[in-house]
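# Chains, contacts and geometry: an overview
Listed below are the residues making up each chain.
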Amino acid sequence: LGARLAPPTPSGSGGSGRGDASHLTPRGGAGVGAMSRRERGPEPGPGGAEVAAEDAEPESPDQCLSLLPWDRFSAWLHCVCVVGFDLELGQAVEVIYPPHSKLTDKEKTNICYLSFPDSNSGCLGDTQFCFRFRRSPGRKVSFCCFLDQLDRDLPVYLKKDSAYYYGYVYFRQVRDKSLKRGYFQKSLVLISKLPYVHLFRTMLKQIAPEYFEKSEAFLEAVCSDIDRWPPPVPGKVLQLPLVGLTMKLRIPTYRDKPGTTPIVQNMHQADAQISMALPTVHEVDLFRCFCPVFFHIQMLWELVLLGEPLVVMAPSPAESSETVLALVSCISPLKYCSDFRPYFTIHDSEFKEYTTRTQAPPSVILGVTNPFFAKTLQHWPHIIRIGDLKLPGEVPKQVKVKKLKNLKTLDSKPGVYTSYKPYLNKDEEIVKQLQKGVQQKRPTEAQSVILRRYFLELTESFIIPLERYVASLMPLQKCISPWKSPPQLRQFSQDDFMKTLEKAGPQLTSGLKGDWIGLYRHFLKSPNFDGWFRSRQKEMTQKLEALHLEALCNENLVFWSQKHTEVETVDLVLKLKNKLLQADREHLPVNTDTLKKLQTHINDIILALPDDLQDILLKTGT
């Protein structure tokens, strides 16, 4: 099912059924206008014509009018916050825009503390970083089928997690003798559910310096521009206007070949607008992040893959957040399924939960800067200590893995502190390749491409045998009967899977030697396996439901109904109607012709029944 905008739908036929908002619908979903209506009042705000993507379908004027003010804004951001420092209160949220945006007190407190570097970081000037925090439970989730559809078209590692928000920060600290503290300290923060780190970082670079000069009116103009953006449709080239600049970008889709990034060409515009093409919306500078520890990249890949507790100790939030995001992305296209916090402070609402010594450390990656954590997290099994992220002008020296007992303070030397023994033998080739790149002054972008390809090939070599085995759990098509419930998937058996590795293991695609069997055994107990397998299970179950629907469509259902009682026929009609609803609700991979054919079967069966039954069944939804 594509994410295209369907023609206007009358209320009650799959739209939201509320006013004109149903005009903008995906096939069978609620309109964008339905989004977040339950969370906010009818405050007026800027609406505007969409700046269409190059290959997007044109919208009719009716569709544009059907969007409520701030719907386009909400597709990208939850809100924009300004966090300042008050001498009596400490950090405080000074501005939330749009004003009707809802944040709980707990969320505001988290945003306040996470938007400022720890005092020991000494971040003078401008600093950019990001954080991630839990949404408060029990809140109404604003729901929109159209945006849900967009989420389905994303690669698994870019799908949003509705339980968390990201905060993208631009912090400024400069001397100012006119203030009591002698310093101006303020953060501009974008709160979003989207993990588009590079996009929001680029945005902040453009708007924050100007905001600190011009203040509120400028922020209002920025938000007005964002409310003119097209929806974040994966796979389309989008043009996003932002205070005199147009950003051009493409959000990846799950259909993209892993490891490839379609180039977005810079556009030549007749008008004076400056244009900027973003090469990526989500990727960080991988080589720069791993440079301090690149002799251990393979071991770090194993630790992330296995969902081991990891803490990154860094001198500032910029370094901690980039390193955590780099770690999470190194197992792509697998999704990292545990929690991760690019920047974590002692004030965080989960501080006690994550630092308790009464139970084993949780499966989480934390980025910290406060020296207090060197003592608090001493019991954690794997600690990465990094210095300033500067690109080396010379080849980094070989750094041994250090014992945890040697980590006394945050001033300890950079390195990896762990007693973990990797399952796989070290790949010397990638280290030599990167070292050679440093000697030849190869651009950091090129080094990152090499590193990203290395991680991708390693992850794919590991996951392909699992994909192959799980595909064998699918029942054969001949087992699918239209007159029986769809067959169940066979159970996953660890022993059966291990037997397949002898002939069809990772050795087919990777030259790396080592204890692959041990790595798989450990992985099968991890949250990353659990998340991956649940996702595959859901996909295959939906495929079985879709095949069952197709089998029903190929039967002569009218002939069957003539040979059965009215009660059995009515039961069949109700079951078929439920099948259609399920296909729509769960977005089963069924083509539109099959659904139309099934609807025709239902209508034909109903028309062959007595008039009184026809009236009842034509009015019955389920």
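Note that the coordinates shown come from a computational prediction; the quantities given were computed from them, not determined experimentally. (Residues numbered from 1 in each chain as written. Predicted model: local features only at pLDDT ≥ 70, side-chain atom pairs only at ≥ 80, totals over all residues. Heavy atoms only, no water.)

### Brief notes about the overall build of the protein
Quick reminder of the rule: Strands are runs of DSSP state E lasting at least 2 residues, helices are runs of H or I lasting at least 4, and numbering of each runs from the N terminus. Relative accessibility thresholds used throughout: buried, under 20% of the residue-type maximum; exposed, over 50%; partly exposed, between the two (1.4 Å probe, protein chains only). Any two residues whose heavy atoms approach within 4.5 Å at even a single point are treated as in contact. Here, Shrake-Rupley sampling with a 1.4 Å probe gives the accessible areas, and only protein chains in the shown set may cover a residue.
A count of helices and strands for the protein gives 20 helices and 13 strands. Counting the 622 residues in the protein, one finds 52% classified as buried. Pairs at least 24 residues apart make up 73% of the contacts formed inside the protein by residues separated by at least 6 positions. Of the roughly 29200 Å² of accessible surface on the protein, 53% is carried by carbon and sulfur atoms.

### Some words on the sheet that holds strand 4 (residues 164-175)
The condition is simple: For two strands to count as paired, DSSP must find a minimum of two bridges between them. Note on geometry: axes are lines fitted to C-alpha atoms, helical ones only across the stretch in contact, with angles between N-to-C directions running from 0 to 180 degrees.
Within the open sheet, the five strands sit side by side as 2-1-5-4-3. Their pairing is antiparallel. Here the strands that pair on one side only, and so sit at the sheet edges, are strand 2 (90-97) and strand 3 (125-134). Between one strand axis and the next, the sheet turns by 25 degrees as a mean value, whatever way the strands run. Alignment of strand 4 against strand 5 (residues 183-192), held across ten bridges, turns out to be antiparallel. Along strand 5, the bridge assignment pairs Arg-175 with Tyr-183. Helix 3 (residues 105-114) contacts strand 1 (79-86), strand 2, strand 3, strand 4 and strand 5 of the sheet and is inclined by roughly 150 degrees relative to strand 3. Against the sheet, helix 6 (residues 216-226) contacts strand 1, strand 2 and strand 5, and its axis sits at roughly 50 degrees relative to strand 2.

### Remarks on the pairing of strand 11 (residues 364-368)
Most of strand 11 is tucked away: five of the five residues are buried. Covered by surrounding structure in strand 11 are Val-364, Leu-366 and Val-368 together with Ile-365 and Gly-367, the residues of both alternating faces. One ladder, built from four bridges, connects strand 9 (residues 310-313) with strand 11; its direction is parallel. Across the sheet, residue Met-313 finds its bridge partner in strand 11, namely Val-368. The pairing of strand 10 (residues 339-341) with strand 11 spans three bridges and is classified as parallel. Considered in strand 11, the bridge of Phe-340 is made with Ile-365.

### Observations regarding helix 3
Among all positions in helix 3, only Glu-107, Asn-110, Ile-111, Cys-112 and Leu-114 are buried. Looking at the buried side of helix 3, the elements it contacts are strand 1, strand 2, strand 3, strand 4 and strand 5.

### Focus: the sheet that holds strand 11
Strands sit in the order 10-11-9-12-13 across an open sheet of five strands; the sheet is mixed. Where the open sheet ends on each side, the last strands, each with one partner, are strand 10 and strand 13 (415-418). Between one strand and the next, the sheet's axes are offset by a mean angle of 15 degrees, whatever the strand orientation. Sitting on the sheet, helix 8 (residues 297-305) is in contact with strand 9, strand 11, strand 12 (382-385) and strand 13, with an inclination near 50 degrees to strand 13. Sheet contacts for helix 9 (residues 317-329): strand 9, strand 10, strand 11 and strand 12; angle to strand 11, the most-contacted strand, approximately 160 degrees.

### As for a negative patch on the surface
Counted only if it meets this: Two joining distances apply to patches: 9 Å for like charges and 5 Å for nonpolar side chains (Val, Leu, Ile, Met, Phe, Trp, Tyr), and every residue must have over 30% relative accessible area and no salt bridge. Whenever Lys or Arg places a side-chain nitrogen within 4 Å of a carboxyl oxygen from Asp or Glu, that contact is recorded as a salt bridge. For this count, His and the chain ends are skipped, Lys and Arg are scored as positive, and Asp and Glu as negative. For the purpose of locating charges, the reference atoms are NZ of Lys, CZ of Arg, CG of Asp and CD of Glu.
A cluster of acidic residues, Glu-566, Asp-611, Asp-612 and Asp-615, forms a negative patch at the surface. Structurally, Asp-612 can be placed in helix 20 (residues 611-619). You can call Asp-612 exposed: its relative accessible area is 52%.

### So, the nonpolar core
Let me state the cut-off plainly: Take the buried Ala, Val, Leu, Ile, Met, Phe, Trp, Tyr and Cys residues and link them wherever side-chain atoms come within 4.5 Å; each set so joined is a nonpolar core.
Counting residues in each nonpolar core, the largest one holds 113 residues, and the members touching the most others are Trp-76, Tyr-196, Leu-199, Phe-290, Trp-301, Phe-462 and Leu-466. If sequence neighbours within four positions are ignored, Phe-462 has contacts with Trp-301, Leu-305, Trp-516, Leu-519, Tyr-520 and Phe-523. The next biggest cluster of nonpolar side chains, apart from the first, holds 22 residues, and it includes Val-570, Val-573, Leu-588 and Leu-613.

### Some points on the environment of Thr-358
Basically, it comes down to this: Two N or O atoms form a polar contact when they lie within 3.5 Å of each other; inside protein one atom must be a possible hydrogen donor and the other a possible acceptor, and for residues adjacent in sequence the pair counts only when both atoms belong to side chains.
Its location among the elements puts Thr-358 in the loop between helix 10 (351-355) and strand 11. Separated by 2.7 Å, the side chains of Thr-358 and Thr-356 make a polar contact.

### So, the side chain of Asp-427
Mapped onto the elements, Asp-427 comes out in the loop between strand 13 and helix 12 (428-439). Although Asp-427 is buried, it makes no salt bridge; Lys-432 carries the closest opposite charge, 8.5 Å away. Of the polar contacts made by the side chain of Asp-427, one reaches the backbone nitrogen of Glu-429; its length is 3.0 Å.

### Observations concerning the pattern of salt bridges
Here the structure, examined in full by the defined rule, presents 21 salt bridges. When the shortest N-O distance is used, the salt bridge between Asp-161 and Arg-132 registers 3.8 Å. Placement of the pair is Asp-161 in the loop between helix 4 (145-152) and strand 4 and Arg-132 in strand 3, with a sequence separation of 29 residues. Of the residues examined, Asp-161 reaches a relative accessible area of 30% and is grouped as partly exposed. Between Arg-341 and Glu-350 there is a salt bridge, with its nearest N and O atoms 3.0 Å apart.

So, to be careful, I would describe these as geometric facts and stop short of saying anything about function.
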